[in-house]
Amino acid sequence: YPLCALAVSDERPVSTQSTWDVLLSSGIIGYFGPFTSSYRSKGTEIWIEKAAELDIPCSGANFSLNRTLGDPVEIRQWIIDGLPNDSFSIENAITKTKSRRYPLLIDPQMQGNKWIKTMESKLQIVKLTDDDFGRKFENSIQFGFPILLENVAEELDPSLEPLLLKQTFKKAGTMVVKFGDSEIEFDEKFFLYITTKLPNPHYMPELSTKVLILNFMATPEGLEDQLLGIVVARERPDLEKEKNRLIVEGAENKRQLKEIEDEILQILSSSQGNILDDESAIKALSNSKVLSNEIAEKQKIAEETEKEIGRSSETAKAHRG
């Protein structure tokens, strides 16, 4: 215990609050995908109030799916690829990433559609009415290409069901999946996106067990967030530049902390006899402690800068409002 305490910063405790936040995030991913931003917010508030009634520690009003499960570097790349820069769209992207089911995007403004086309390389694009619909799917499944099925209505082609349910099985040592009347070799890198332009589709309840329904419809709140981001980027480009620098620096700090933790575990597992007699191990652990403290200080500065950027954004919002 003393050696672990020496190496790992005391400012990074594992808390039951974090556990509840992850549980709450799981509920949002599992149930809130089809709903609008305001409905999701109300549902989240109800769950947080229930947690308070039961004395379950959580972040309360400060809870955010984006902070709990989001990776700032990944989010930054999504925005570069064309994801609308608002909390609702980012929440949708995180939900897509964390779910095991293929996503079906309710996307009348084509915001999600454009993002997917920019983000995915080797993307195959197909519609149910295309003559080569089956051939494109078979090639994508076999060679592990992502495929975008556009403009679906309220019913999906029955041939997609084994694919949506990921009903793969082994045949002659190879993983295959049934598609139509054929059994196609299945590549694990294959990924299916489905989008619809219908603003308010009525899907059968059982469809939600086969796909992840995500509401990508533009909302007034989302458009306000997007416009605010544009205003801040133009009026205070220094803040936007600093924000991007902090994201990259934060990712590097996390990488270094992971390396420190791996090094500590390697030292503890490979040490022979009494580790207190191993001078090289003690020196390595001491160096790890110094480095982790330096990173913690950098993170403190980064958090303060992020708060300043947030205050500037709110000021811009008030002036524009």
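Residues numbered from 1 in each chain as written. Predicted model: local features only at pLDDT ≥ 70, side-chain atom pairs only at ≥ 80, totals over all residues. Heavy atoms only, no water.

A.B. asks: I would appreciate a short explanation of the pairing of strand β7 (residues 191-196) in the present structure.
C.D. replies: On a regular strand, each side chain points to the face opposite its neighbour's, so the side chains alternate between the two faces of the sheet. Among the six residues in β7, five count as buried, and that is most of the element. Here strand β1 (residues 103-106) pairs with β7 via three bridges, running parallel. Pairing of leucine 105 across the sheet is with threonine 195, part of β7. In this structure, strand β3 (residues 146-150) lies alongside β7, joined through four bridges in parallel fashion. Bridge assignment links isoleucine 147 to a residue of β7, and that residue is leucine 192. (Buried < 20%, exposed > 50% of the residue type's maximum accessible area, 1.4 Å probe, protein only. Helix = DSSP H or I, 4+ residues; strand = E, 2+ residues; numbered from the N terminus. Pairing = 2+ DSSP bridges.)

A.B. asks: Would you mind going over the sheet that holds strand β4 (residues 168-171) with me for this structure?
C.D. replies: Strand pairing in a sheet is mediated by backbone hydrogen bonds. Such pairs are either parallel or antiparallel. Ordered in space as β4-β5-β6, the three strands form an open sheet in which the pairing is antiparallel. Two strands lie at the open edges of the sheet, namely β4 and β6 (182-185), each paired on one side alone. Strand-to-strand twist across the sheet, computed as the mean angle between neighbouring axes with direction ignored, equals 45°. When strand β5 (residues 174-179) meets β6, the two strands line up antiparallel, connected through four bridges. The residue of β6 that forms the bridge with valine 176 is glutamate 185. (Axes fitted to C-alpha atoms, helices over the stretch in contact; angles between N-to-C directions.)

A.B. asks: In this structure, what is going on with the sheet that holds strand β2 (residues 124-127)? I would like to understand it.
C.D. replies: Strand order in the open sheet formed by five strands is β2-β3-β7-β1-β8, and the pairing between neighbours is parallel. At either margin of the open sheet sits one strand with a lone partner, and together these are β2 and β8 (212-215). Recorded for the sheet is a direction-independent mean angle of 25° between the axes of neighbouring strands. Relative to β3, β2 runs parallel, the two being bridged by four bridges. Looking at the pairing, isoleucine 125 lines up with leucine 148 of β3. Where helix α6 (residues 87-98) meets the sheet, its contacts fall on β1, β7 and β8, and the angle it forms with β8 comes to roughly 170°. (Contact = heavy atoms within 4.5 Å.)

A.B. asks: How should the environment of isoleucine 29 be read in this particular structure?
C.D. replies: Position of isoleucine 29 among the secondary structure elements: in helix α2 (residues 16-31). Residue classification places isoleucine 29 among the buried positions, given a relative accessible area of 11%. For the pair isoleucine 29 and threonine 95, spaced 66 residues apart in the sequence, the C-alpha separation amounts to 5.4 Å. In contact with isoleucine 29, not counting residues within four places along its chain, are Leu69, Thr95, Lys98, Ser99 and Leu212.

A.B. asks: Help me understand helix α10 (residues 220-235) in this model?
C.D. replies: Count 3.6 residues to each turn of an α-helix, and residues three or four apart come out pointing the same way. Given a rise of 1.5 Å per residue, 16 residues ought to cover 22 Å, and the 22 Å separating the end C-alpha atoms of α10 matches this to within 8%. Turning to α10, its buried residues number three or more, namely Gly222, Gln226, Leu228, Val231 and Val232. (Expected span 1.5 Å × (residues − 1).)

A.B. asks: I'm lost on the nonpolar core in this one. Help?
C.D. replies: One broad trend across soluble globular proteins is that nonpolar side chains are buried collectively. Counting 25 residues, the largest nonpolar core has Phe137, Ile141, Leu149, Leu192 and Ile194 as the members making the most contacts within it. Counting only elements with at least two residues in this core, the list comes to β1, α8 (133-143), β3, α9 (161-164), β5 and β7. Among the elements that line this core, the one with the most residues is α8, at three residues. Here isoleucine 194 is in contact with Pro103, Leu104, Leu105, Leu149, Val152, Leu156, Leu164 and Val211, once residues within four sequence places are set aside. Counting 15 residues, the second largest nonpolar core, distinct from the first, contains Ile116, Tyr193, Leu214 and Phe216. (Core = buried A, V, L, I, M, F, W, Y, C linked by side-chain atoms within 4.5 Å.)

Everything listed is a geometric property; what it means functionally is a separate question.
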